[in-house]
Amino acid sequence: MVIGCSAGGFSLMFDILLSLPAEFPLAVVVIIHRSRKHKSSMEALLQKRTKVTVKLADGHEQMKTSVVYFAPTDYHLLLEPNGTFTLDCSEPLFFCRPAIDVTFESVSDVCKDKVIGLLLSGANQDGANGLAYIEANGGLAVVQDPSSAEVDVMPSSAIGTCKNPLVLNNSDIFELVSQITALKRTLN
Amino acid sequence: MSDFVHTISFDDLVEITKLIRNVYGFDFVGYSQASLKRRVTRIMQLNNLSLFEIRSRLTNDSAFFDQFLTEVTVNVTEMFRDPGFFKVLRNEVFPYLASFQRIKVWNAGCSSGEELYSFAILLEEQGLYSRSFLYGTDINTRVLSKAKKGIYELSRMKQYSENFIATGSAHSLSDFYTAKYEAATISNKLKKNILFSVHNLVSDGVFNEFQMISCRNVLIYFDVELQERVIQLFYDSLCMLGFLCLGSKETLRSNEMAKRFRVVSKTENIYQKIA
Ligand SMILES: C[S@@+](CC[C@H](N)C(=O)[O-])C[C@H]1O[C@@H](n2cnc3c(N)ncnc32)[C@H](O)[C@@H]1O
């Protein structure tokens, strides 16, 4: 599962991560826009309260289920065909590095129809193309309902770009996430 | 990249990599597949080329390959990128470098030269430049010719000046370049002891002995095996007690190598060869 969020989306993203059970059956990759000038301790703060492991993604690190990976500031985050991460310092996209589009597309290239892309509140169009790409590769494209987003530019442009995205309000997003765990339990 | 027409699979990428190796002798085998795929897709989009077309252009058109080589690797760079790194360099590495009679610096994967000129400025500032010599190398001839000119967009200097201030310098960056129209030209006195030339980290070997080697944001694109080979090359090219500087996301991972270096700065990934 890949999550992209920016202005106005942080607190919902926190709550989603806090809701994940320790044995959450997917790996979670989170791309947020934040300034490189400030050292952020977001991951450490979250880790204290979440049941899943939360960390910054390292280059060459193997992606694993039940772990939440944040893209480090000032690098794009890519996924290799062998399931390891690569950090990439190429040009920013929409003035953003990490950019949501870059990671959404890269994860989709590798995981194809086994990807859930979730795009939350934000003030630019980053993420829209990436989410459409996930959708075209057979993955599930989920967008926060613009009317429940604090800043609706990002979800609205994704809805404009994707063919048939799943548009969910906040409580339905939590429902979806808990269904993922439940479904996995049933399959086992 | 919502354009789904100009795209390739990882299998196609392997084919292209083989083709390039056979025709031009450049080996991209140990490079990040995810990054290469992104770059090749971008080249196809910009030039409106199908997979078939890009393969035939690569086979038959060496001028196109030149352009391809420029685009397929990531050349993004800045002056004084990661100011914290340059601060540690000034405060903890340069006092040590000062004890060497001659200071030879190798900036591997120097791109268009911004990083190398940053070193030159720092050495000049510390009164060490006159006994230093700096080598900048890259695989990409286009970025190297930009590096030799040492002319950068004036609009970028604002960010670079902020970086420079953040390194804790008492100087102003404008002491080291002249501004004319939209261009900032690095002072000639800083270009005296500098040489830019082609060197491929994958296929070329040791060419000198250095007191300091800096290779930043190059190894992030290499797989573990290639990374280790290149680190060995750096080890072999360093004098005893010489310094190795890596990028902010690059560390000495192998235990074998870690034993031969002392960690000077854990956060900035600066090492000193001790065995
Ligand atoms: C992202 S830039 C890094 C520039 C600078 N060191 C910095 O950190 O700002 C990476 C550079 O490595 C060069 N490069 C890639 N493969 C190389 C190789 N095999 N040998 C030498 N240079 C290489 C690329 O051409 C590019 O200019």
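Just so it is clear, the structure is predicted and the values come from calculations on it, not from any experiment.

Student: I'd like to hear about the overall build of chain A, residue by residue, with values.
Tutor: Scanning chain A from terminus to terminus reveals six helices and nine strands. In terms of overall size, chain A behaves like a compact globule, its C-alpha atoms giving a radius of gyration of 15 Å where 188 residues would be expected to give roughly 16 Å. Each principal axis of the C-alpha atoms in chain A carries an extent, and together these give about 45 × 35 × 30 Å. The buried share of chain A, taken over its 188 residues, is 55%. Carbon and sulfur atoms form 54% of the exposed surface of chain A, whose accessible area is close to 7,800 Å².

Student: I'd like a description of the side chain of E43 of chain A, backed by residues and values.
Tutor: Residue and element names in this part refer to chain A. Within the secondary structure layout, E43 lies in helix α2 (residues 42–49). We classify E43 as buried; its relative accessible area is 8%. Residues within four places of E43 in sequence aside, it is in contact with R34, V54, K55, L56 and F70.

Student: Lay out the sheet that holds strand β3 (residues 53–56) of chain A with the relevant residues and their values.
Tutor: Residue and element names in this part refer to chain A. Strands sit in the order β3-β4-β2-β1-β7-β8-β9 across an open sheet of seven strands; the sheet is parallel. In the strand order of this sheet, the two ends are held by β3 and β9 (166–168), each with one partner. Looking at each pair of strands side by side, their axes are set apart by 20° on average, direction ignored. Of the strand pairs in this sheet, strand β2 (residues 28–32) and strand β4 (residues 67–70) are connected by three bridges, and their pairing is parallel. Paired with V30 across the strands is F70, a residue of β4. Docked against the sheet, α2 engages β2, β3 and β4, running at close to 170° with respect to β3. The strands touched by helix α3 (residues 100–111) within the sheet are β1 (2–5), β2 and β7 (116–119), with β1 carrying the most contacts at an inclination of about 170°.

Student: Describe the pairing of strand β5 (residues 183–186) of chain B, and please don't skip the residues or the numbers.
Tutor: All names here are of chain B. Here β5 shows one buried face, formed by A184 and I186, and one open face, formed by A183 and T185. By the bridge criterion, three bridges tie strand β3 (residues 151–153) to β5 in an arrangement that is antiparallel. The residue of β5 that forms the bridge with E153 is A183. When strand β4 (residues 177–180) meets β5, the two strands line up antiparallel, connected through four bridges. By the bridge assignment, T178 is partnered in β5 with T185. Linkage of β4 to β5, two consecutive antiparallel strands, is achieved through a turn of two residues, within which Y181 is found at a positive phi near 50°.

Student: Lay out the nonpolar core in plain terms, naming residues and giving numbers.
Tutor: Residue and element names in this part refer to chain B. Ranked by internal contacts, the top residues of the largest apolar core, which has 77 residues, are I54 and F68. If one sorts the elements of this core by residue count, helix α9 (residues 224–237) sits on top with six residues. Residue assignment places this core across two domains, with domain 1 (4–72) and domain 2 (83–151 + 187–273) each supplying three or more. Setting aside its immediate chain neighbours within four residues, F68 contacts I16, I20, V40, I43, I54 and L58. Within the second largest apolar cluster, 43 residues are counted, among which are F94, V105, F119 and I194.

Procedures and definitions
- Here, residues in each chain are numbered from 1, in the same order as that chain's written sequence.
- In the order they appear in the text, chains get letters beginning with A and ligands get numbers beginning with 1.
- At least 70 in pLDDT is required for a residue's local features to be given in this predicted model, at least 80 for side-chain atom pairs to be given and counted, and no such filter applies to totals for whole chains, interfaces and linings, which use all residues.
- Each side-chain value is worked out from all heavy atoms of the structure, with water and hydrogens disregarded.
- For the purposes of this entry, the term helix denotes a DSSP run of H or I that reaches at least four residues, the term strand denotes a run of E that reaches at least two, and both are numbered from the N terminus.
- A radius of gyration in this sense is built from C-alpha atoms; the matching globule rule multiplies 2.2 Å by the number of residues raised to 0.38.
- Burial classes: relative accessible area under 20% of the type maximum marks a residue as buried, over 50% as exposed, and values in between as partly exposed (1.4 Å probe, protein chains only).
- In short, Shrake-Rupley with a 1.4 Å probe defines the accessible areas, and a residue's cover is counted only from the protein chains shown.
- The contact definition used throughout considers only heavy atoms, calling two residues in contact when any of these lie within 4.5 Å.
- One bridge is not enough; two strands pair if DSSP finds at least two bridges between them.
- Under this scheme, a helix contributes an axis fitted over its contacting stretch, all axes are lines through C-alpha atoms, and angles between N-to-C directions fall in the 0 to 180 degree range.
- We call a set of buried residues a nonpolar core when its members are Ala, Val, Leu, Ile, Met, Phe, Trp, Tyr or Cys and they connect through side-chain atoms within 4.5 Å of each other.
- Note that domain bounds follow an automatic or database assignment of domains.

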